[in-house]
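# Summary of structural features
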Amino acid sequence: MRRVAIIGGGPAGLMAAERVALAQAGASTVDRVDIDIFDAMPSPGRKFLIAGVGGMNITHAEPLPDFIARYAGRAGELAPLLADFGPQALREWIHGLGIETFVGTSGRVFPREMKAAPLLRAWLHRLRGQGVRLHARHRWLGWTADGRLRLATPAGEVALAAEATVLALGGGSWAKLGSDGAWVPLLAAAGIPVAPLQPANCGFDVAWSPYFRERFAGAPVKAVIGTCGGLRQQGEFNVTAGGIEGGLVYALAAPLRDALAAGQPAQLFLDLAPGRSLERLRSDLARPRGRDSLANHLRRQAGIEGVKAALLREFCPPDALTVSDRLAAAIKALPLPVEAPRPLDEAISSAGGVRFEALDTALMVRERPGLFVAGEMLDWEAPTGGYLLTACLATGFRAGNGVVDWLRRPR
């Protein structure tokens, strides 16, 4: 019996296995293949489950062109994959598992139960019914000299032959959940081009003053607009003892990280009063203070208090705090300098990975026929909000279909 090996039991690997299994339904006995998923962890989909703890955001309901644009420099490569399996197809696929979805006020799409576990259970049950076999605690170690897969198993190392292999090992973040990037040197040794892994959707270090750190660590900064590298995003973030983290920061992490990597200063410009124009702020702040302290004046005339007022004092030149025009300008575009991204293992996801230029349109490695790559192993990144999961599934969908076409080719 021939074998298809899927290395990695996350969303991309499971989707690739499902596509092969669906093709097997109409295959003759002679053409059938074994479909084996090998995962290093005790159970599959661990990062998927953790990501769903706070509410499983599966995709986004915005128009497809806007959705695709979220992938920035890799939008061109991902566009045809998302055309085959995009946000709407993903929702229909989940409905096929018996799980309803809804669109939140932000446009994000969630399962009705807001949890990942029911979805994963239903999916694994269906895969087993389709004949897919799952092998836990099987860590991929590379290839033998004759091209077989090396796997460390509870019973010792084994070598298995596979007619087609899909690598879906995840990126380099959250190593304790299986995405440890250990595959990078294995592929590099095989001559497969890999862009260095970097943190994405990550926090950043900031050199707070001792007073600010002690007083405001843990404080949320709400209702602000951040701008960096031509990107503009409204949202909120949290102050930490060593820096900043949260949705707004993650959305702008790529330009901040890239500026630091290029040796350039990296600043997140904050609009602390997005509901007021610069002109209105100038007018409001120009009103006589009388006996009011600066803190009271900011609170009464600009609605700035608490951590926002502290941020102004932290990064605004002292002489600008007493000049209404300069103070208004600082409120609308306060430069918050960051020093470094947080470590890769702390990031929600990673950038970098197997370069698309090394793959054909089926996501097969050009120089290694029969080897496909899917998921976060590929060199792309996206913000949170359902974009990560959608692209992982879309790449698994394409790689699985590629395996089916590969198996049908005359030998």
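Structural data are supplied above this passage.
Residues numbered from 1 in each chain as written. Predicted model: local features only at pLDDT ≥ 70, side-chain atom pairs only at ≥ 80, totals over all residues. Heavy atoms only, no water.

To continue, consider the nonpolar core. By size, the foremost hydrophobic cluster in this structure holds 80 residues, and its most contacted members are Tyr71, Leu187 and Trp380. It is helix α15 (residues 387–408) that provides the largest number of residues to this core, a total of 13 residues. Counting 47 residues, the second-largest nonpolar core is a separate cluster that includes Val249, Leu252, Leu298 and Leu336. (Core = buried A, V, L, I, M, F, W, Y, C linked by side-chain atoms within 4.5 Å. Buried < 20%, exposed > 50% of the residue type's maximum accessible area, 1.4 Å probe, protein only. Helix = DSSP H or I, 4+ residues; strand = E, 2+ residues; numbered from the N terminus.)

As for its placement among the helices and strands, Glu113 is situated in the loop between β5 (108–111) and α6 (117–129). Sequence spacing of Glu113 and Glu100 is 13 residues, and the spatial spacing of their C-alpha atoms is 8.2 Å.

Let us now look at the packing of helix α1 (residues 11–24) against α15. Running from N to C, α1 and α15 cross one another at 35 degrees; their axes reach a closest spacing of 7 Å. The handedness of the crossing between α1 and α15 is right-handed. Here Pro11, Ala12, Met15, Ala16, Arg19, Val20 and Ala23 of α1 come into contact with α15, specifically with Leu389, Cys392, Leu393, Thr395, Gly396, Phe397, Gly400, Asn401, Val403, Val404 and Arg408. Of the residues in the contact of α1 with α15, the class split is 12 nonpolar, four polar and two charged. (Axes fitted to C-alpha atoms, helices over the stretch in contact; angles between N-to-C directions. Left-handed = near helix turned anticlockwise from the far one by under 90°. Contact = heavy atoms within 4.5 Å. Nonpolar A, V, L, I, M, F, W, Y, C, P; charged D, E, K, R; others polar.)

Another aspect to go through is the packing of aromatic side chains. Tallying each qualifying case throughout the model produces 13 aromatic pairs. Judged by centre distance (4.9 Å) and plane angle (80 degrees), the rings of Trp140 and Trp143 are edge-to-face. Accessibility classification places Trp140 together with Trp143 in one group, the buried group. Taken together, the aromatic side chains of Trp208, Tyr211, Phe212, Phe216 and Phe315 make up a single cluster linked through ring pairs. Positioned above the aromatic ring of Trp174 is the side chain of Lys47, whose terminal nitrogen or guanidinium carbon lies 5.8 Å from the ring centre. Arg368 extends its terminal NZ or CZ atom over the ring of Trp143, reaching a point 3.9 Å from the ring centre. (Phe/Tyr/Trp six-rings, centres within 6.5 Å; stacked < 30°, edge-to-face > 60°. Lys NZ or Arg CZ within 6 Å of the ring centre and 35° of its normal.)

Along the polypeptide, Thr165 turns up in strand β10 (residues 164–167). Given the relative accessible area of 6%, Thr165 is considered buried. Setting aside its immediate chain neighbours within four residues, Thr165 contacts Ala5, Ile7, Leu149, Gly370, Leu371 and Phe372.

As a further point, take empty space enclosed by the protein. For the structure shown, the criterion picks out two cavities of 30 Å³ or more. Estimated volume of the largest cavity: approximately 50 Å³. Elements represented by at least two residues in the lining of the largest cavity include exactly α6 and β6 (133–135). The greatest single-element share of the lining of the largest cavity, amounting to three residues, is contributed by α6. Residues that form the lining of the largest cavity fall into these classes: five nonpolar, no polar and two charged. In this structure, the second largest cavity spans a volume of roughly 40 Å³. Along its surface, the second largest cavity is lined by Phe48, Ile58, Trp93, Ile94, Leu119, Trp123, Leu389 and Leu393. Of all elements in the fold, only α5 (87–96), α6 and α15 reach the threshold of two or more residues within the lining of the second largest cavity. (1 Å grid on protein atoms, 1.4 Å probe; cavity = no way out; pocket = protein on both sides within 12 Å on 5 of 7 lines; lining within 4 Å. Points joined across faces, edges and corners; volume = space filled by probe spheres on them.)

The next subject is the pairing of strand β2 (residues 33–38). Counting buried residues in β2 gives five out of six residues, a clear majority hidden from the surface. The sheet contact formed by strand β1 (residues 2–7) and β2 spans six bridges and is parallel. By the bridge assignment, Val4 is partnered in β2 with Ile35. (Pairing = 2+ DSSP bridges.)

Once that is clear, we can look at unusual backbone geometry. Notably, Met114 is not glycine yet its phi reads approximately 60 degrees, a positive angle. Among the secondary structure elements, Met114 is positioned in the loop between β5 and α6. Looking at Met114, the relative accessible area reads 30%, which means it is partly exposed. One non-glycine residue, Asn201, lies in positive phi territory at about 50 degrees. Residue position: Asn201 is located in the loop between β11 (194–200) and β12 (204–205). Take Asn201: its relative accessible area is 3%, and that puts it in the buried class.

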